[in-house]
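Working through the structure, step by step
Here are the chains, one letter per residue:
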Amino acid sequence: MSFLLPKLTSKIEVDQAIKSTAEKVLVLRFGRDEDPVCLQLDDILSKTSSDLSKMATIYLVDVDQTPVYTHYFDISYIPSTVFFFNGQHMKVDYGSPDHTKFVGSFKTKQDFIDLIEVIYRGAMRGKLIVQSPIDPKNIPKYDLLYQDI
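Overview of the structure. These figures come from a predicted structure and were not determined experimentally.

Further remarks concern the packing of aromatic side chains. Enumeration according to the criterion identifies eight aromatic pairs in this entry. Aromatic pair Tyr72 and Phe73: ring centres 5.0 Å apart, planes at 80 degrees, arrangement edge-to-face. Of the aromatic side chains, those joined through ring pairs into one cluster are Phe30, Tyr69, Tyr72, Phe73 and Phe84.

Shown next as structure tokens:
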């Protein structure tokens, strides 16, 4: 399903998307097209993109083609999904130590839709961090790996 969503293949394209997406949540899925979990997430993203078109713009970003952002967002697990609103990085409290990105695939389309709605409403009120509406048992668990500490 990754062929249904637009791809950003360079740092310049990612920068432009972040700067030019206005009054919508920008969803950047970092991963690889051939990864099975990325394909599962891409299926959810593509099926919800038309429903969320007034609130969100969704792009796929290949981690191998954008090493600057892969390093900046400390993407060690894929897929990782990062959110922006009007050029501001939106953080979400998932009940885990990392509020900068969602790691893994969403369990259901409704989880993703609910998250986008909460980010959108929070951002419209000027918030830079919002509380995740996703049931904690639907959030993938992982251990943070700190390198070079």
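So, next bit.
The next point concerns the pairing of strand β3 (residues 56-62). Where burial is concerned, most of β3 is hidden: seven out of the seven residues are buried. In terms of strand pairing, strand β1 (residues 7-8) meets β3 through two bridges, oriented parallel. Looking across to β3, one finds that Leu8 is bridged to Val61. For the crossover that starts at strand β2 (residues 25-31), traverses helix α2 (residues 36-49) and ends in the parallel β3, the hand is right-handed.

When you line up the elements, Thr21 lands in the loop between α1 (11-20) and β2. Judged by its relative accessible area of 10%, Thr21 is buried. Residues in contact with Thr21, not counting those within four places in the same chain, are Leu26, Thr57 and Asn86.

Moving on, we come to the packing of α2 against helix α4 (residues 109-124). Direction vectors running N to C along α2 and α4 enclose 60 degrees, while the axes themselves pass 9 Å from each other. Relative to α4, the element α2 lies oblique. Regarding α2 and α4, the two cross each other, and that crossing is right-handed. Across from Ile44, Leu45, Lys47 and Thr48 in α2, the residues of α4 making contact are Lys109, Phe112 and Ile113.

Rules of the game
- Residues numbered from 1 in each chain as written.
- Predicted model: local features only at pLDDT ≥ 70, side-chain atom pairs only at ≥ 80, totals over all residues.
- Heavy atoms only, no water.
- Phe/Tyr/Trp six-rings, centres within 6.5 Å; stacked < 30°, edge-to-face > 60°.
- Buried < 20%, exposed > 50% of the residue type's maximum accessible area, 1.4 Å probe, protein only.
- Helix = DSSP H or I, 4+ residues; strand = E, 2+ residues; numbered from the N terminus.
- Pairing = 2+ DSSP bridges.
- Right-handed = clockwise from strand over helix to strand, strands pointing away.
- Contact = heavy atoms within 4.5 Å.
- Axes fitted to C-alpha atoms, helices over the stretch in contact; angles between N-to-C directions.
- Parallel < 35°, antiparallel > 145°, perpendicular 65-115°, else oblique.
- Left-handed = near helix turned anticlockwise from the far one by under 90°.

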